[in-house]
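So you can see what is in the structure, the chains are spelled out below.
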Amino acid sequence: MTLDPPSRPDICDDCGGELFQRDDDREETIRHRIDVYQQQTAPLIAFYADEGILLGIDATGPVDEITDRALNALRRFIR
């Protein structure tokens, strides 16, 4: 909202609906998520990469293409 504020506070210029900020979009929530990621997730990524069993999948593009890439990457684990 600071870059393009609505003409009326808390009202959407396009649809007239109420504007609000969700709790999970607040700076402190995002900072907490980053901290949790760094403490809990990043070490797991490093562990599985070191074990040679981390699969990286390009998740950009249409859902069906991403699904195909994921399934193709997992095929070596299916017997």
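Residues numbered from 1 in each chain as written. Predicted model: local features only at pLDDT ≥ 70, side-chain atom pairs only at ≥ 80, totals over all residues. Heavy atoms only, no water.

**Here we look at the overall build of the chain**
- Counting its regular elements, the chain contains two helices and zero strands.
- For the chain, whose C-alpha radius of gyration is 20 Å, the value lies well above the compact-globule estimate of 12 Å for 79 residues.
- A principal-axis box enclosing the C-alpha atoms of the chain has dimensions of 60 × 30 × 20 Å.
- Of all 79 residues assigned to the chain, the portion counted as buried reaches 4%. (Helix = DSSP H or I, 4+ residues; strand = E, 2+ residues; numbered from the N terminus. Rg over C-alpha atoms; globule rule 2.2 N^0.38 Å. Buried < 20%, exposed > 50% of the residue type's maximum accessible area, 1.4 Å probe, protein only.)

**Here's the deal with the packing of aromatic side chains**
- Taken as a whole, this structure holds one aromatic pair when the rule is applied.
- Relative to Y48, the ring of F47 lies with its centre 5.1 Å away and its plane at 80°, an arrangement referred to as edge-to-face.
- For F47, a relative accessible area of 43% corresponds to the partly exposed category. (Phe/Tyr/Trp six-rings, centres within 6.5 Å; stacked < 30°, edge-to-face > 60°.)

**Looking at helix α1 (residues 27–50)**
- If you check α1, its first and last C-alpha atoms are 33 Å apart, about what 24 residues at 1.5 Å a residue would give, namely 34 Å.
- Where α1 bends most, at Q38, the angle is about 40°.
- Positive backbone phi, at 75°, marks G52, one or two positions downstream of α1. (Expected span 1.5 Å × (residues − 1). Bend = angle between axes of the 7 residues up to and from the residue.)

That is the geometry; function is a separate question.
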